[in-house]
Amino acid sequence: MTTAELTQRGALPNPDVGKYEDVNRDVLKVLSRPGKGWWILFTMAAAGVGLFLTSWFYQIYKGIGVSGLNAPVGWGVYITTFVFWVGIAHSGTLISAILFLFRAPWRQAIYRASEAMTVFAVMTAGLFPLIHVGRVWHAYWLVPYPNSRFLWPNFRSPLVWDVFAITTYFTVSAVFFYLGTIPDLAAARDHARGLRKKFYQIISLGWRGTDREWHHFSKAYIYLAALATPLVLSVHSVVSWDFAMAIVPGWHTTIFAPYFVAGAIFSGVALVITLAVPMRKFFGLEDYLTVKHFEAMAKLCMLTSAIVLYAYMTEYFLAWYSGEPPERGSFWNRVFGHYWWANWIMLTCNGLVPLMLWVRRVRRSIAALFVISIFINIGMWFERYVIIVTSLSHEYEPWAWGLYRPSVVEMGILIGSFAWFGFWFLLFTRLLPPVAIAEMKEVIPPPRRGRVKEDAA
């Protein structure tokens, strides 16, 4: 395939990037002294982490009663945000692994940020079961340790299922992410000095780039990619069963597993766009994160948005077709009840706003994609909020219906969770190459040796 064909398909970053040393120089430049924009974002993230910790410590001191959780709605913002971050986490490695297995030519520029997003999203999601239980010093009850009295753990509890899901997925995702960075860490080692050089020497594991090392690296990477793909599907299905296994109107349905997986990919691709746009601008990576890459991600959003919208319509149809008054009443309450505003935010952000991506000019506009990606993630958070809160607040018996209003503490923890995620992602951009150096070189034509003979006239 020629250079022009590779560029047209989005495999080459930019026709001007034609040498291996150009890739090293441009990407490793990101690891140098950060600019003003990075410091502004990092300061905001650090302040948000402070808000997160302050709100959580206040809840620990005062008790879980400072939240808005009540008798009918025992799950609220905490579990909503937990499912949101788990979805983000599952999409990152899934995007990277599937695109690698299918040899997508535009994967090289975005997969590193996608995998880093996965690791930090799992770290964020893992906090919320601890926050939700209130008495965090008893969180070890969630761990399946052996005990002679068989009192704990309760394997029928969704929280125990989530412990298995999070630990399994975090282990595989972290190994997959770290393995892919080893050749680039060696490149950073060769260009660094002082303490940074010692740091990269340790974590690059003595990589020298020999044929034997590349052979084992390639085999291990493809095996992990093949393992991660079904693992992501199965693990996120377990998270959906937190709801589907409960006999609650709006939850007890068989479509939750594919519905949640599609929503995870949808929100994950949108967050990759949200992260890639400022990273591209602040770090001068315009030659590597091109319009072609963003257009490809926009097309993936189009596909998953259609699947999610179809799942919404299927839910409403099944509620009507079932003929069960509690099921019909639950979905009627979603549209016209106390939480109508949350439901319509969900439908607007996840169903209507992505329709603009069908316009080619919108798909190729970086600013438009950035705004749309933010709306998508807002809609995906409200999707989880609608599923949890509206169903629990409007179950079978009218006398047991109730309302739930998030407290200031819950909103502080919610906002702080995004700051916590951003804090780690910003540190990642300072310590590790945010674009895969070795794989970017794979799509650049190799340098020619000697003089090139011109064709005879």
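Preceding block: the structure.
Everything quoted here is computed from the prediction, not taken from an experiment.

Visitor: Could you give an account of the packing of helix 4 (residues 77–101) against helix 7 (residues 158–191), with specific residues and numbers?
Guide: At a closest axis distance of 11 Å, the pairing of helix 4 and helix 7 adopts a crossing angle of 35 degrees. Here helix 4 and helix 7 pass one another in a crossing that is left-handed. Contact residues: Phe82, Ala89, His90, Thr93, Leu94, Ser96 and Ala97 in helix 4; Asp162, Ile166, Tyr169, Ser173 and Phe176 in helix 7. Here the residues of the contact of helix 4 with helix 7 are counted per class, giving seven nonpolar, four polar and one charged.

Visitor: An account of the layout of surface pockets is requested, with residue identities and associated values reported.
Guide: If a probe the size of a water molecule is rolled over the atoms, the empty space left behind becomes visible. One number sums up the size of the largest pocket: a volume of about 900 Å³. Taken together, 30 residues form the lining of the largest pocket, with Leu271, Thr274, Leu275, Phe418 and Gly422 sitting closest to its centre. The element that contributes the greatest number of residues to the lining of the largest pocket is helix 16 (residues 408–431), accounting for ten residues. Of the residues belonging to the lining of the largest pocket, the class tally is 25 nonpolar, five polar and no charged.

Visitor: Can you explain the packing of aromatic side chains? Please cite residues and give values.
Guide: Where two aromatic rings form a pair, the distance of their centres and the angle of their planes describe that pair. Inspection of the entire model under this criterion finds 44 aromatic pairs. Consider the rings of Trp85 and Phe421, whose centres lie 4.9 Å apart with planes at 35 degrees: the pair is tilted. Placement of Trp85 in helix 4 and of Phe421 in helix 16 is noted, with a sequence separation of 336 residues between them. Phe421 shares its class with Trp85; the two are buried. An aromatic cluster is built from Trp38, Trp39, Phe42, Phe52, Trp56, Trp420, Phe423 and Trp424, whose rings are joined through pairwise contacts. Directly above the aromatic system of Phe331 lies the positively charged group of Arg334, at a separation of 4.4 Å from the ring centroid. Over the ring of Trp38 we find Arg430; its NZ or CZ atom is 5.8 Å from the centre of that ring.

Visitor: Describe empty space enclosed by the protein, listing the residues and the values that go with them.
Guide: One pass over the full model with this rule turns up four cavities of 30 Å³ or more. Computed from the structure, the largest cavity encloses a volume of approximately 50 Å³. Around the largest cavity sit Tyr111, Arg112, Gly180, Pro183, Asp184, Trp214, Phe217, Tyr221, Ala436, Ala438, Glu439 and Glu442, which together line it. Going through the elements one at a time, helix 5 (111–125), helix 7, helix 9 (211–244) and helix 17 (437–442) are the ones with two or more residues in the lining of the largest cavity. Looking at the lining of the largest cavity, its residues break down into seven nonpolar, one polar and four charged. Of the voids in this model, the second largest cavity is the one considered here, and its volume is about 40 Å³. Forming the walls of the second largest cavity are Tyr259, Tyr312, Glu315, Tyr316, Phe331, Arg334, Met346, Glu383, Val386 and Ile387. Of all the secondary structure elements, the ones that give two or more residues to the lining of the second largest cavity are helix 11 (291–322), helix 12 (325–336) and helix 15 (366–393). Partitioning the lining of the second largest cavity into residue classes produces seven nonpolar, no polar and three charged.

Visitor: Could you give me a rundown of the side chain of Ser55, with the residues and numbers involved?
Guide: Structurally, Ser55 is set in helix 3 (residues 36–62). For Ser55, the residues in contact, after removing those within four places along its chain, are Val409, Gly412 and Ile413.

Visitor: Help me get a handle on the environment of Pro34, residues and values and all.
Guide: With respect to the helices and strands, Pro34 occurs in the loop between helix 2 (20–28) and helix 3. Counting along the chain gives 308 residues from Pro34 to Ala342, while the straight-line C-alpha distance between them is 39 Å. The contacts of Pro34, once residues within four sequence positions are left out, are Trp39 and Arg430.

Visitor: Could you give me a rundown of a nonpolar patch on the surface, with the residues and numbers involved?
Guide: On the surface, a nonpolar cluster with roughly 380 Å² of combined accessible area is contributed by Ile40, Leu41, Met44 and Phe282. Among the elements that take part in the nonpolar patch, helix 3 stands out by supplying three residues, more than any other. For Met44, the location among the structural elements is in helix 3. Here Met44 falls in the exposed class, since its relative accessible area comes to 56%.

Visitor: Residues and numbers for the nonpolar core, please.
Guide: Of all hydrophobic cores here, the largest spans 139 residues; its most connected members are Trp85, Phe243, Phe294 and Tyr385. If near-sequence neighbours (up to four positions away) are discounted, Trp85 is found in contact with Ala121, Thr124, Ala125, Phe128, Leu271, Ser417, Phe418 and Phe421.

Criteria and cut-off values
Residues numbered from 1 in each chain as written. Predicted model: local features only at pLDDT ≥ 70, side-chain atom pairs only at ≥ 80, totals over all residues. Heavy atoms only, no water. Axes fitted to C-alpha atoms, helices over the stretch in contact; angles between N-to-C directions. Helix = DSSP H or I, 4+ residues; strand = E, 2+ residues; numbered from the N terminus. Left-handed = near helix turned anticlockwise from the far one by under 90°. Contact = heavy atoms within 4.5 Å. Nonpolar A, V, L, I, M, F, W, Y, C, P; charged D, E, K, R; others polar. 1 Å grid on protein atoms, 1.4 Å probe; cavity = no way out; pocket = protein on both sides within 12 Å on 5 of 7 lines; lining within 4 Å. Points joined across faces, edges and corners; volume = space filled by probe spheres on them. Phe/Tyr/Trp six-rings, centres within 6.5 Å; stacked < 30°, edge-to-face > 60°. Buried < 20%, exposed > 50% of the residue type's maximum accessible area, 1.4 Å probe, protein only. Lys NZ or Arg CZ within 6 Å of the ring centre and 35° of its normal. Patch = residues over 30% accessible without salt bridge, like charges linked within 9 Å, V, L, I, M, F, W, Y side chains within 5 Å. Areas by Shrake-Rupley, 256 points an atom, 1.4 Å probe, with all protein chains shown as cover. Salt bridge = Lys/Arg side-chain N within 4 Å of Asp/Glu carboxyl O. Core = buried A, V, L, I, M, F, W, Y, C linked by side-chain atoms within 4.5 Å.

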